[in-house]
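Observations on the model geometry
One letter stands for each residue in the lines below.
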Amino acid sequence: MKKLVFILSIISSLHLFSQVAVGKSTTTSGSNISLEFYDAPDNAKGLVLPWVSTVSGNPAAYDTGTGAGYRGMQGTIADGTFIFDLSDKKVKFMKAGAWSDLTGSPSFPLTVKDASNNDVTYTQFNAVDSSLQDNRKEEAGSKVAIGTSAVSDNTTGILVLTDTNKAMVLPKVASPHLTIKNPSPGMMAYDTVKKQLAVYNGTVWSFWKP
């Protein structure tokens, strides 16, 4: 079962035509935003990516397996798709037809700061509790599409932004590794202090910048 912070998976087939703001009344002034989240300085929440059981090393499609614990998704995957891969606990996105890793491969033992700024040492990635997702899948056709081509769009995904001249603005959080107290695996946010993309894999935060 896929998982988004505002539980889009319960929506069977909804198409939205305009800019969308979550947690705020309107998007930031301007016409280049498809989707934007609450971004006041006190924000302590991020966006949780869909959880997928495995990508099976196949750059063209998600795992098409079935059965107990199956959380895959069938279909050709468009470049720009983001997921949290439960098989190796990594945040990935589709780039030029192949999965690209945003989490990295840290060496263990790994010592990082926790939300209280204390040192915590990990010897391996923490296990991710996916019990809520076990044996569940979205209804066929579950999808939210935003943009002028929303009705006709056939891209595989739980949330699709269809405009080619607009983009999503991630939740803005000051030091998410300290501010977000109980992050979920697959969480993403824009760190307003480091000016970097922050992603959480269930154990540690990774930070990326161009």
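Okay, so let's go over this structure.

Quick look at the packing of aromatic side chains now. Tallying each qualifying case throughout the model produces three aromatic pairs. Considering the side-chain rings of Tyr200 and Trp205, the 5.2 Å spacing of their centres and the 45° angle between planes classify their relative orientation as tilted. The pair formed by Tyr200 and Trp205 is uniform in burial state, with each residue classed as buried. Residue placement shows Lys194 over the ring face of Phe207; its charged tip is 5.1 Å from the ring centre.

As a general point, the strands of a sheet are linked pairwise by backbone hydrogen bonds and lie either parallel or antiparallel. Pairing within the open sheet is mixed, and its four strands lie in the order 5-6-7-8. Because the sheet does not close on itself, it has two edges, and the strands there are strand 5 (51-52) and strand 8 (98-101). Bridge count for strand 7 (residues 90-95) against strand 8 is four bridges, and the pairing is antiparallel. Directly across from Lys95, in strand 8, lies its bridge partner Ala98.

The subject of this paragraph is the pairing of strand 10 (residues 119-122). Along any regular strand the residues' side chains alternate between the sheet's two faces. One ladder, built from four bridges, connects strand 9 (residues 110-113) with strand 10; its direction is antiparallel. Bridge assignment links Val112 to a residue of strand 10, and that residue is Val120. Where strand 9 folds back onto strand 10 in an antiparallel hairpin, the turn is made up of five residues, including Asn117, whose phi is positive at roughly 70°.

All right, on to the pairing of strand 15 (residues 187-191) then. For strand 15, a buried count of four out of five residues is recorded, marking the element as mostly surrounded by other parts of the structure. Bridging between strand 4 (residues 47-48) and strand 15 involves two bridges; their strand directions are antiparallel. Its bridge partner being in strand 15, Leu47 is matched across the sheet by Met188. As defined by bridge partners, strand 14 (residues 172-173) adjoins strand 15 across two bridges and the pair is classed as parallel. Its bridge partner being in strand 15, Lys172 is matched across the sheet by Tyr190. Between the end of strand 15 and the start of strand 16 (residues 196-200), which pair antiparallel, lie four residues, with Lys195 showing a positive phi angle near 60°.

Structurally, the position occupied by Phe108 is in the loop between strand 8 and strand 9. You can call Phe108 partly exposed: its relative accessible area is 31%. Residues Phe108 and Thr123, 15 residues apart in the sequence, show an inter-C-alpha distance of 5.2 Å.

Here the focus is unusual backbone geometry. Backbone geometry at Ser175 places phi at a positive 50°, although glycine is not the residue there. By the secondary structure assignment, Ser175 is in the loop between strand 14 and helix 1 (176-179). At Lys195, a position not held by glycine, the phi torsion is positive, near 60°. With respect to the helices and strands, the residue Lys195 is situated in the loop between strand 15 and strand 16. Owing to a relative accessible area of 53%, Lys195 belongs among the exposed residues under this scheme.

Calculation rules
- Residues numbered from 1 in each chain as written.
- Predicted model: local features only at pLDDT ≥ 70, side-chain atom pairs only at ≥ 80, totals over all residues.
- Heavy atoms only, no water.
- Phe/Tyr/Trp six-rings, centres within 6.5 Å; stacked < 30°, edge-to-face > 60°.
- Buried < 20%, exposed > 50% of the residue type's maximum accessible area, 1.4 Å probe, protein only.
- Lys NZ or Arg CZ within 6 Å of the ring centre and 35° of its normal.
- Pairing = 2+ DSSP bridges.
- Helix = DSSP H or I, 4+ residues; strand = E, 2+ residues; numbered from the N terminus.

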